Amino acid sequence: NLAIRSLAAYASSATYFVIVAPDTPHADLDDTCDLDTYQRRMWCRAEQVCHSMRNGTEGMYLAVGKNIAVEPVRRDFFAESLHVF
């Protein structure tokens, strides 16, 4: 519970924000976790918004695969995170 409460403060204070979201089988469900499922999780959205509101999208990076280079997020990447309802 305390870890969840600290996400906003940590995300907004971090110099760099790296989203690690490769295609990975879920440990308990017959499902795949990936960038799309990352974008649907509310705490992940909250982290992105907190970081970008304070720091902008500079310093935000995306890692989606083992043999894919880590790259800066697109400028509009977190815009989808704002669509809550």
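Residues numbered from 1 in each chain as written. Predicted model: local features only at pLDDT ≥ 70, side-chain atom pairs only at ≥ 80, totals over all residues. Heavy atoms only, no water.

**Quick word on the overall build of the protein chain**
A tally of regular secondary structure across the protein chain gives 3 helices and 5 strands. Its helices and strands in sequence order give the protein chain the pattern α-β-β-β-α-α-β-β, from N to C terminus. The globule rule puts the C-alpha radius of gyration for 85 residues at 12 Å, and the 13 Å found for the protein chain is close to it. Within the span of the protein chain, comprising 85 residues, buried residues form 31% of the whole. For the protein chain, the exposed surface amounts to about 6200 Å²; the carbon and sulfur share of it is 57%. Across the protein chain, the 8 positively charged side chains and the 11 negatively charged ones have centroids separated by 8 Å. (Helix = DSSP H or I, 4+ residues; strand = E, 2+ residues; numbered from the N terminus. Rg over C-alpha atoms; globule rule 2.2 N^0.38 Å. Buried < 20%, exposed > 50% of the residue type's maximum accessible area, 1.4 Å probe, protein only. Areas by Shrake-Rupley, 256 points an atom, 1.4 Å probe, with all protein chains shown as cover. Lys, Arg positive; Asp, Glu negative; His and termini not counted. Charge placed at Lys NZ, Arg CZ, Asp CG, Glu CD.)

**Examining the side chain of H51**
Tracing the backbone through its elements, the reader meets H51 in helix 3 (residues 42–55). The buried category is assigned to H51, whose relative accessible area is 0%. Of note is the side chain of H51, whose polar atom sits 3.5 Å from the backbone oxygen of A14. H51 has contacts with A11, S12, A14, T15, Y16, F17, G56, E58, G59 and M60, leaving out every residue within four places of it along the chain. (Polar contact = N/O pair within 3.5 Å; in protein donor to acceptor, adjacent residues only side chain to side chain. Contact = heavy atoms within 4.5 Å.)

**Some words on the environment of G56**
For G56, the position within the fold is in the loop between helix 3 and strand 4 (60–63). Given the relative accessible area of 22%, G56 is considered partly exposed. In the structure, G56 is positioned 23 residues away from A79 in sequence and 12 Å away in space, judged by C-alpha atoms.

**What to know about the nonpolar core**
Within the largest apolar cluster, 10 residues are counted, these being A11, F17, I19, A21, Y38, C44, M60, L62, V73 and F77. Only strand 1 (17–20) and strand 4 provide two or more residues apiece to this core. (Core = buried A, V, L, I, M, F, W, Y, C linked by side-chain atoms within 4.5 Å.)

**Examining a nonpolar patch on the surface**
Residues Y16, V18, V20 and V70 make up a contiguous nonpolar surface patch of about 420 Å² in total accessible area. Summarising the element assignment, V20 is placed in strand 1. (Patch = residues over 30% accessible without salt bridge, like charges linked within 9 Å, V, L, I, M, F, W, Y side chains within 5 Å. Salt bridge = Lys/Arg side-chain N within 4 Å of Asp/Glu carboxyl O.)

**Focus: the confidence of the model for the protein chain**
When pLDDT is averaged along the protein chain, the result is 85, and 95% of the positions lie at 70 or above. Taken element by element, the protein chain is modelled with least confidence in helix 1 (residues 2–13), mean pLDDT 81, and with most confidence in strand 5 (residues 71–72), mean pLDDT 94. (pLDDT = per-residue confidence, 0-100.)

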